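So the chains spell out like this:
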Amino acid sequence: MGGSAIVKDNTFSDNVAYQRAGGITIINAGSATNIDGNIIENNSATGNDVGVGGILIQGNSAVVTVSNNRIRNNGGSSGYGGYAGGIKIRNNNANIVIDNNTISDNTSNSGIDIGGCGFGPVGYATITNNTIENNIGSGIHIDGDYSHTTTIHNNTVSNNSSHGISLGSGGVFIVEDNIVESNSGWGISLGSGVSGAGNIISGNTVRSNTGGIGVSDRKSTRLNSSHIPLSRMPSSA
């Protein structure tokens, strides 16, 4: 997909795809694109490189906005980190705004997965006002883009089977005013690759997780007025 589009008020369900998303696939969007008000459920995808149940956005050079959607019960798999149940973003060249969606009960990797999950592709986004719950894997997982800032603001991230918010590597992260609760891993996890100056964790409520916040490199991260227990990750984490 190379031009602009509005994808609005549709239902995508029970689709099976290969090397793309079962729900919506946006590749190389060159003009502003909006995905708004859709129901995306019970889809699946597989692939050698990429397989996403819900929404795949890759290689865009203009802003893509994903808002007011219900994304649930989707699953994806691939051999090289290009998979997610809910939303997958990678190798984007312009911002992606993910706002006011419900992303729940997806069955692989993460509710939102950005980057390559350790396999090379990177990404960044603005993630605001979403409910992300009951997904397999982390609620949000990001392998960041060293050239850009990812903002995660005013989301509720709960009851996911791994970390609530997992920041794996790269980029600058601003994580503010989120409720992160009852996840099976850390509430907020900052891995050893998160070493750029300017990371801010502020104003979050992090409670009833299997750990509060884990930071591998405190020198590059400012913690301010978050209601959290703080721990340094063990070297094997």
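Residues numbered from 1 in each chain as written. Predicted model: local features only at pLDDT ≥ 70, side-chain atom pairs only at ≥ 80, totals over all residues. Heavy atoms only, no water.

If charged atoms from side chains of opposite charge come close, those side chains can pair. Summed over the entire model, instances satisfying the criterion amount to five salt bridges. Two residues, R72 and E41, come together in a salt bridge whose shortest N-O distance is 2.6 Å. You can see R72 sitting in strand β11 (residues 70-72) and its partner E41 sitting in strand β6 (residues 39-41), a full 31 residues away along the chain. When its relative accessible area of 24% is taken as the criterion, R72 is described as partly exposed. In this structure, D113 and K88 form a salt bridge, with 2.4 Å as the shortest nitrogen-oxygen distance. With a gap of 25 residues between them, D113 in strand β17 (residues 110-114) and K88 in strand β14 (residues 87-90) connect regions that are remote in the sequence. Overall, D113 belongs to the buried group, its relative accessible area being 0%. Overall, K88 belongs to the buried group, its relative accessible area being 0%. (Salt bridge = Lys/Arg side-chain N within 4 Å of Asp/Glu carboxyl O. Helix = DSSP H or I, 4+ residues; strand = E, 2+ residues; numbered from the N terminus. Buried < 20%, exposed > 50% of the residue type's maximum accessible area, 1.4 Å probe, protein only.)

This brings us to the sheet that holds strand β7 (residues 44-46). Taken together, the three strands give an open sheet; going across it, the order is β3-β7-β12, and neighbouring strands pair in parallel fashion. The two strands at the open ends of the sheet, each matched to only one other strand, are β3 (16-18) and β12 (75-76). In terms of strand pairing, β3 meets β7 through three bridges, oriented parallel. Within the sheet, the bridge partner assigned to A17 lies in β7 and is A45. (Pairing = 2+ DSSP bridges.)

Of note, G198 is situated in the loop between β26 (186-193) and β27 (199-202). Sequence-wise, G198 and G171 are 27 residues apart; in three dimensions their C-alpha atoms are separated by 9.5 Å.

Looking now at unusual backbone geometry. Here the phi dihedral of Q19 falls at roughly 60°; this positive angle occurs in a residue that is not glycine. Along the chain, the position of Q19 falls in the loop between β3 and β4 (24-27). With a relative accessible area of 30%, Q19 lands in the partly exposed category. Backbone geometry places N73, a non-glycine residue, at a positive phi of 60°. Note on placement: N73 falls in the loop between β11 and β12.

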